[in-house]
Amino acid sequence: MKIDVVILTKNSCSRIGEGMFRKCIASIKKNIPVNNLIVIDAFSSDNTIKIIKEYFPDALIIETRAKRGKAREIGIKKVSTDYFMFVGSDIIVPKDYFKKVLEKLESDRIGAIGGVAIPTDLTLWRIYYCQQILRLQKEVVHIDGNNVIIKTSCVSDRYIDP
């Protein structure tokens, strides 16, 4: 199974450093079976798009000044797979993340599986590793919008009013 991945960017190289941004994009390439990388970019003026194209030459790049919610909606409208993932541009996806959540995604009771952010270095509080939540002990009413795999059918008819 491959999934579409939606990532929001705005000068991500300048914000977190080019080396760390490369690690983030490389972790998506290595650890997620990507069908399409859908980049919703707020007109980056640094090397953000160049680096994305190095790893994902066929990435769909959409430039917009839309705020986060509307930008995500734009990304969702481009999804063509049964599942998709929002990944933050400052997230390093761990090895086996997708493999570990794949079995949970097949349940009819699960519409999304989110992750927990853990700092890799306390001096770089904005850089996080995505950690999986694999035990569903109770219903969750809110999942952070980053680092979440979602059944497309759960959100395909939801839109943000202009």
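Rules behind the numbers
Residues numbered from 1 in each chain as written. Predicted model: local features only at pLDDT ≥ 70, side-chain atom pairs only at ≥ 80, totals over all residues. Heavy atoms only, no water. Helix = DSSP H or I, 4+ residues; strand = E, 2+ residues; numbered from the N terminus. Polar contact = N/O pair within 3.5 Å; in protein donor to acceptor, adjacent residues only side chain to side chain. Contact = heavy atoms within 4.5 Å. Expected span 1.5 Å × (residues − 1). Buried < 20%, exposed > 50% of the residue type's maximum accessible area, 1.4 Å probe, protein only. Arc of directions from axis to C-beta.

(A) Quick peek at the side chain of Thr 81. Residue position: Thr 81 is located in the loop between helix H4 (68-77) and strand S4 (83-86). Engagement of the side chain of Thr 81 in a polar contact is seen with the backbone nitrogen of Asp 4, the distance being 3.0 Å. Among the polar contacts listed, one links the side chain of Thr 81 to the backbone oxygen of Tyr 83, at a separation of 2.4 Å. With residues near it in sequence (within four places) discarded, Thr 81 still touches Lys 2, Ile 3, Asp 4, Asn 35 and Thr 152.

(B) Representation of helix H2 (residues 18-31) within the structure. In this model H2 runs 20 Å from its N-terminal to its C-terminal C-alpha over 14 residues, within 8% of the 20 Å that 1.5 Å per residue would give. Buried within H2 we find Met 20, Phe 21, Cys 24, Ile 25, Ser 27, Ile 28 and Asn 31. Along the axis of H2, the buried positions cluster into a sector of 155°, meaning they face one direction only. Residues of H2 that are buried sit in contact with strand S1 (3-9), helix H1 (12-16), strand S2 (34-41), helix H3 (48-55), strand S5 (91-92) and helix H5 (97-105).

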